[in-house]
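Residue-level structure breakdown
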Amino acid sequence: MIAFSSVSKQYGGQILFVDASFQINPGEKVGLVGPNGAGKTTVFRLVVGEEQADDGAIERPKKLTIGYFRQDVGDLRGRSILAETCAGAGEVSELAEELARLTVELERDPPKLERGELASTRGIDAVVERFGEVQARYQDLGGYELEARAQEILHGLGFRPEQVHDDVSTLSGGWKMRVALAQILLARPELLLLDEPTNYLDLESILWLEAFLRGYTGTVVMTCHDREVMNRVATKIVEIDGGELRSYGGNYDFYERAREIEAERREAAYARQQARLAKESRFIERFKTHVAKAAQVQSRLKKLDKIEKLAEPRRIAERDIQLRAPARSGDDVVRLDNLRKAYGAHVVHDKLVMTVRRRERWAVMGENGAGKSTLLKMIAGVLAPDAGEAVIGAAVEMGYYAQHVMEGLSGDRTILEELAEHAPLANQGTLRNLAGAFGFQDDDVFKPISVLSGGERARLALAKIVYDAPNLLVLDEPTNHLDIATKRALVRALRDYEGTLIFVSHDRQFLSALATRVLELAPGAPPRLYGGTYDEYVASTGREAPGMRA
């Protein structure tokens, strides 16, 4: 379906690919992986023709239908959520519009049609003929089931049935991203290009999307920082690394094992050659002045010249996030006493009672609208409850992270200046290591905050909070926008963290690694507290997210 043949691409002095080749076959589910800035998004743009290769060829069928989900969404307004979703369904939505126009023409004054005075001088026979052609194509594409399928997809992505008739302009940026994703899934193109489709989804929606993609008859190419999604959906991994593209048949776990084996083989081959070269060099150095050994020395010199030297293998350095030991808090860290919160007639929390004790790690789980973020806001003191109280214990120092925290970053400063302002006693090396742990390498630290993407701002805000290492961390979706390597580093740091943790996350590996307690919230139902790990919670309920069937 898609073939890259000896493709090279660079931006200025940055080389992304050199003589890179790979292919994508019909029906494959491909995970595209690589460090930030390696060129994953560029691959998508080359496939859709938004950019051209500097050298080489990219082959694709001329009539291939492509759906491309990207992280920037346009200004959606003027339609309901359902209508906007249907309008983005590609050819079938265009046919629907043409059917509507033809229907209007057929319902007009028949004598005028007969005289060819309507429909751009077309007679009624031409209009009827065109109507039949459009209707047949519309039916073949499932047009008459379009709205029902749109509602099913929107429901899977977290929209309530009554919500789909609201104006799309009332949605936040994250929910508009869900609409954009729904449009592409509804269109059912032959090739789906998905750039981080799970960033704004909750766990229930992610599980639904996994099932949808596994059953999708077309081809899927996706980038995703959620390891579980890559494991469950991808059947092939294409890695971009150091200007090369390499393919691995299997899921993400298989790719990592294969990559480790390859790395060990390259290290062993390099070590063997270095040992051989060293041995020959010692012989030459020892006998270069011996007349009797002159012929042997010359022979070995010629051999050394002919040997194709192996480059030293590139080694991936694991990022490391250092958390300073926090001061000890009291044993009762947070006490929720008959907490109540409602928005109009919609009651989110009612008489919520629980106590969070020192060193506990609580995962707050619940379906969309259950009030997870609302609860964290009340604990953090940024939202007042309608009744009851959230009491913070003795000697508790809180760090609160949510997506809106990034709004407090100064656009006039660079990344390094922002970190230095936050931690004036830290030296440059410490701050650079902190920035590097969250994906800001080398000269990235001199980027002004004003040019950072939303994801980069989120990582910077999280870095500041992690540096402080308070004895209570309240984290709302901390893994959004983090790549897999950064997530691993964050998990390692929080696993050794000596404080208390309350968090919301849709990342199952993060949940599994850290949660020792689970609070399950459900609209209109009392909260349920599980005194065990996330894995034990899954085993006891038979489901990975509230509301999902076993």
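The sections below set out a description of the structure shown in this document.

What counts as what
Residues numbered from 1 in each chain as written. Predicted model: local features only at pLDDT ≥ 70, side-chain atom pairs only at ≥ 80, totals over all residues. Heavy atoms only, no water. Axes fitted to C-alpha atoms, helices over the stretch in contact; angles between N-to-C directions. Helix = DSSP H or I, 4+ residues; strand = E, 2+ residues; numbered from the N terminus. Parallel < 35°, antiparallel > 145°, perpendicular 65-115°, else oblique. Left-handed = near helix turned anticlockwise from the far one by under 90°. Contact = heavy atoms within 4.5 Å. Buried < 20%, exposed > 50% of the residue type's maximum accessible area, 1.4 Å probe, protein only. Phe/Tyr/Trp six-rings, centres within 6.5 Å; stacked < 30°, edge-to-face > 60°. Pairing = 2+ DSSP bridges. Nonpolar A, V, L, I, M, F, W, Y, C, P; charged D, E, K, R; others polar.

Relative orientation of the contacting elements helix H10 (residues 252-287) and helix H11 (residues 294-306) amounts to 150°, with a least axis distance of 10 Å. With respect to H11, the axis of H10 lies roughly antiparallel. In this structure, H10 meets H11 at a crossing whose hand is left-handed. On the side of H10, the interface is formed by Leu 277, Glu 280, Ser 281, Phe 283, Ile 284 and Phe 287, while H11 contributes Gln 296, Val 297, Arg 300, Leu 301 and Leu 304.

This paragraph deals with unusual backbone geometry. At Arg 188, a position not held by glycine, the phi torsion is positive, near 50°. Along the chain, Arg 188 falls in the loop between helix H7 (173-187) and strand E6 (191-195). The class of Arg 188 is partly exposed, set by a relative accessible area of 44%. The backbone phi angle of Ala 395 is positive, close to 60°, even though this residue is not glycine. Positionally, Ala 395 belongs in the loop between strand E13 (387-392) and strand E14 (398-401).

Looking now at the packing of aromatic side chains. Under the defined criterion, the tally for this structure stands at 11 aromatic pairs. When the ring of Tyr 248 is compared with that of Tyr 255, the centres are 5.2 Å apart and the planes differ by 75°; the resulting orientation is edge-to-face. This pair shows no difference in class: Tyr 248 is buried, exactly as Tyr 255 is. Aromatic ring contacts, followed pair by pair, group Trp 208, Phe 212 and Tyr 216 into a single cluster.

Within the open sheet, the six strands sit side by side as E14-E15-E16-E12-E17-E18. Their pairing is mixed. Every interior strand has two partners, whereas the edge strands, E14 and strand E18 (525-530), have only one. Put simply, the sheet's adjacent strands are angled 15° from each other on average, direction ignored. The pairing of strand E12 (residues 361-366) with strand E16 (residues 500-504) spans three bridges and is parallel. Considered in E16, the bridge of Trp 362 is made with Ile 502.

Quick look at the environment of Phe 283 now. Its location among the elements puts Phe 283 in helix H10. Residues Phe 283 and Lys 293 lie 10 residues apart in sequence; the distance between their C-alpha atoms is 9.9 Å. Contacts of Phe 283, omitting those with residues within four sequence positions, involve Gln 296, Val 297 and Arg 300.

Where helix H6 (residues 146-156) contacts H7, the axes come no closer than 10 Å and their chain directions differ by 135°. In terms of axis orientation, H6 runs oblique to H7. Viewed along their axes, H6 and H7 form a crossing whose handedness is right-handed. Packed against H6, whose contacting residues are Leu 146, Arg 149, Ala 150, Ile 153 and Leu 154, the element H7 presents Ala 182, Leu 185 and Leu 186 at the interface. Per-class residue counts for the contact of H6 with H7 are seven nonpolar, no polar and one charged.

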